[in-house]
Structure formats: structure tokens, C-alpha cells
Amino acid sequence: MAWTSALQVADIRAKIDCAAKMEFPMPVQIVMDRAGDTRHTFDAGDRAAVEKAEKRFIELTGAGFTAAVRSGPGEQRIIRSFDASTEETLFHPRLVGG
Amino acid sequence: MSSQQSIVLAMASFALTLLFTALVGLLGGLVMAARSGREGCLGHWERLRPESEARALKLLKGWLSPAQLSAYEDGRYFEVVGCDSGTVYRIHHGTQANIDQLDALGQPICRWCFAPQGGLVAGDVMLAQKIALETYESSALGVANRLTVMGNPRPTIGSNQLWILPH
């Protein structure tokens, strides 16, 4: 009986963890640089991590980076403000004439 | 030849051999030092460049549409449609002057040159160019340099074309 209860508790915990991961996926900020890119993942359920990601967004866009997100296969849109629910944000540096 | 002379001769030849060996060793060391010095002068990013290129190309491929990806894998270029004008551009693999503007027949009529700052690798440059033309074409071309075809106004693809900067 005790074993059954323990198994049930473990099962419920696993389901809660899974639901939490589905609700708060690990978004990534991809910043183009000379190494190809640098990736910053953060836990969307962690307030401090979200604040840090938002700060990074503001700093990068303030420095002239353009933030883009994928909106479909081969399609993208530019975003001007931070959204913690965005799964992947790509930052490319300011464009200049070659 | 006296035995004394023989001994002196033997010692001299031994000394010469030692001197020659030392000189060869010294020269070899100098060559090695020069080589390693040159490698040391190579920038950190230059050594990482192949890895960076591969990483950037992987990123680019993830952002291309299936048709663009197929074109890129076949011919190292893909086409995008400008969001403001509907113009078709062909982005070639590269980092400079790698965007052809195409006419209705798919022939290049001019070439555009713009890229993100920072000396990025080709995959990143092409992805930034794609995003720019597909989402903010006018402002991207506003900073770009336009090169026009001199001579044949409608050259065939693959022919020798001379691109010049307008005055």
C-alpha cells in the first residue's frame, strides 16, 4: 500500500515537472558574433533569469542589434520589445554598406 | 704526414663537424621559431573560423524556407522577396557584394552590398541579409551600396560581368 502511494506521488511529481517544462520552455537568445553565434538560454519560469534576458535584449537592441523571431518556415518578423514567451530570438548586428 | 699532423687534422675535422651540426640545429630552431611566431600572430578568431562558419551555416539553414534551403544546397545561393517592393534578390554564399537584384526574367540587373557589422562569417551575413530584405527591405537598401552592370545590361548568369560602383 505504501509502495503504491510512493509510486503515485512520484508519478504526480513527474507530471507536474513535465507540465512546468511545457508551460515554461527554455527560450534562447542567439547573438551573432565572430564565433558564429553565442546562445543564452534562460528559464522562463525563473523571474531573475527573465529579468536578465530582458536586460540583455534592451542592451543589444540599444547597441543597434536587430531582434528577429521565426514566424513560420523560412519566415521571420522583427520584434522591438522583449517577450519572455518567445522560444528563439536572433540578434544580428547593425547593417552597414559594404 | 707525421702522427702529430694527423692528430691535429682529425681534431680540426671533428671541430668542423661539431660546428656544422650546431649551425644546422640553430637554423632549424630559427625556422621553427619563425613558424610558431607566425601561428601565434594568427588571431584567435582566425583559428576558430572553420568552426564559426559551420555553426553559422547550421543557423542559416534552420531559418531558410524549404525552397531556399534546397536552392542553397544545390547552388550555394537562395532567393528572397523584398517585403516592400516585391523585388526578387539572389543571395550568394559570401560576405561582400553577394546580393543580385533580379529582373522579371530572373537576370541580375544590379548588385547590392551590405552586411552586419563585426566581421561575421558567411552564414551569419547571409542570414542577416535574408532577414533584412524580407522584413525591412527599404531601410536595409538605404545603407547598402549599389553596383551596376557595365556594358551588357542583361548579362547571362555565369558570364563574365563587370560590376562597377556608380559615381
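This one's a predicted model, so the numbers in the text were calculated from it and none came from an experiment. (Residues numbered from 1 in each chain as written. Chains lettered and ligands numbered in written order. Predicted model: local features only at pLDDT ≥ 70, side-chain atom pairs only at ≥ 80, totals over all residues.)

J.: I'd like a description of the overall build of chain B, backed by residues and values.
T.: Per the secondary structure count, chain B includes five helices and six strands. Ordered by position from N to C terminus, the α and β elements of chain B give α-α-α-β-β-β-β-α-α-β-β. When the 167 residues of chain B are sorted by exposure, 23% land in the buried category. Nonlocal contacts in chain B, meaning residues at least 24 apart in sequence, comprise 46% of its contacts between residues at least 6 apart. (Helix = DSSP H or I, 4+ residues; strand = E, 2+ residues; numbered from the N terminus. Buried ≥ 20, exposed ≤ 12 C-beta atoms within 10 Å, placed from the backbone. Contact = placed C-beta atoms within 7 Å.)

J.: Describe in detail the environment of Glu54(A), supporting the description with residues and values.
T.: Position of Glu54(A) relative to the elements: it lies in helix 2 (residues 47–62). Residues Glu54(A) and Val69(A), 15 residues apart in the sequence, show an inter-C-alpha distance of 15 Å.

J.: With reference to specific residues and values, describe the pairing of strand 2 (residues 88–92) of chain B.
T.: All names here are of chain B. Going residue by residue along strand 2, you find Tyr-89 and Ile-91 tucked away on one face and Val-88, Arg-90 and His-92 left uncovered on the opposite face. Of the strand pairs in this sheet, strand 1 (residues 77–81) and strand 2 are connected by five bridges, and their pairing is antiparallel. Residue pairing for strand 2: Val-81 is matched across the bridge by Val-88. Counting the residues between successive antiparallel strands, the hairpin from strand 2 to strand 3 (residues 99–102) contains six residues, one of them, Gly-94, with a positive phi of roughly 155°. (Pairing = 2+ DSSP bridges.)

J.: Which residues make up the interface of chain A and chain B, and what are the values?
T.: Taken residue by residue, the interface counts 21 residues in chain A and 33 residues in chain B. Elements that contribute at least two residues to the side of chain A that touches chain B include exactly strand 1 (28–33), strand 2 (36–41), strand 3 (66–72), strand 4 (75–79) and strand 6 (95–97) of chain A. Across the side of chain A that touches chain B, the residue classes tally to nine nonpolar, six polar and six charged. In the sheet, strand 6 of chain A pairs with strand 4 (residues 108–116) of chain B via three bridges, with the strands oriented antiparallel. Opposite Leu95(A), over in strand 4 of chain B, you have Pro116(B) as the bridge partner. (Nonpolar A, V, L, I, M, F, W, Y, C, P; charged D, E, K, R; others polar.)

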